Amino acid sequence: MTLPPKPRNGRPGRPAAPKRPDAPERPAAPRKPAAPRTPATPAADGPPREGERIAKLLARAGIASRREVERMIADGRVKLNDEVLTTPATVLKNLKGVTVDGKAVAAAEPARLFRFHKPAGLITAERDPAGRPTIYNALRNALPKETPRLMPIGRLDLNTEGLLLLTNDGELKRAMELPSTGVPRTYRARTFGDITQERLEALSEGVEIEGIRYGSIDANMERRTGRNQWIELTLTEGKNREVRRVLEHLGLQVSRLIRIQYGPFPLADIPRGMADEIRQVDVERFRKTLKPAGRGQA
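In short, a report on the structure. As the structure is a prediction and not an experimental result, all values here were calculated from the model. (Residues numbered from 1 in each chain as written. Predicted model: local features only at pLDDT ≥ 70, side-chain atom pairs only at ≥ 80, totals over all residues. Heavy atoms only, no water.)

1. Considering the sheet that holds strand 5 (residues 98-100)
On the basis of which strands lie adjacent, the open sheet formed by four strands has the order 3-2-5-6 and antiparallel pairing. Here the strands that pair on one side only, and so sit at the sheet edges, are strand 3 (83-84) and strand 6 (103-104). Bridge analysis of strand 5 against strand 6 gives two bridges, and the strand direction is antiparallel. Counterpart to Val 100 in the pairing with strand 6 is Lys 103. (Pairing = 2+ DSSP bridges. Helix = DSSP H or I, 4+ residues; strand = E, 2+ residues; numbered from the N terminus.)

2. A few points about the pattern of salt bridges
Counted under the stated rule, the structure contains 19 salt bridges. One salt bridge in this structure joins Glu 161 and Arg 272, with 3.7 Å as the shortest N-O distance. Linking Glu 161 in strand 9 (residues 160-167) with Arg 272 in the loop between strand 16 (265-266) and strand 17 (275-277), this pair joins segments that are 111 residues apart in sequence. Residue Glu 161 is classed as buried on the basis of its relative accessible area of 7%. (Salt bridge = Lys/Arg side-chain N within 4 Å of Asp/Glu carboxyl O. Buried < 20%, exposed > 50% of the residue type's maximum accessible area, 1.4 Å probe, protein only.)

3. Concerning the pairing of strand 10 (residues 185-192)
Sheet faces and side chains relate simply in a regular strand, where the side chains alternate between the two faces. Buried residues dominate strand 10, accounting for six of its eight residues. Judged from the eight bridges that link them, strand 10 and strand 14 (residues 228-235) form a sheet pairing that is antiparallel. Of the residues in strand 14, the one forming a bridge with Phe 192 is Asn 228. In this structure, strand 10 lies alongside strand 15 (residues 253-262), joined through eight bridges in antiparallel fashion. Bridged to Arg 188 within strand 15 is Ile 258.

By themselves, these figures tell us nothing about what the structure is for.
Given below as structure tokens:
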């Protein structure tokens, strides 16, 4: 005797429909192939990766900042063994076989750091659509010919002068620019207007201007002649035109702004428009003091 199907959820089941003798066999559904994975990118639950992300390696080699390298990869300008790379997360042990714009990438050199006394009237960029002179026009005469490609650490706007650090190492650049690493930058500003030391000291609590929050600033009156004064300011964020905006918020007119120190490196007595190189031992000593990088122009 044929038993009825086993009840499901307490209800009697339906007997299976008998198979028609002339019914064709239905082929099994094909399995969906697994999505291909970038060869050099490890799985999230796999063994620890060996090497570094290519964006980080190229930044360290001085090709560009990490963000700019990511844009280069998105534009299809970076290849590995003649194959266009599609993700900055690709992990490599070294840069062997990597090309950028068809040119092989040399192995990363030790981090080098240069000081440049930027004059007012220069743009901190490689080129300017408006045709204004850039820092690189001046650096051609200020640096030795064998100097590697350099990237500015932070920016100084057109009318701001003083210390501009440059490096061949994208990771050092990034670490020194990030507010989270807390690298101080010091400026001297010549201003006109009424101000007191008490109001300057209040900047240590930070200030909000037009919806933008600026962090703590250590500001001190240096000297005053009538309504003209020199003010020294030290900050760690370096938001776009931060010093000018804060001083203008206090009702002051800024007629001159000079960056005199970045981290432990002072402008010192470098002539305007000239540059020098910081000793390698001082660069390495400084790198050891940097806080771990998290994610800041005066």
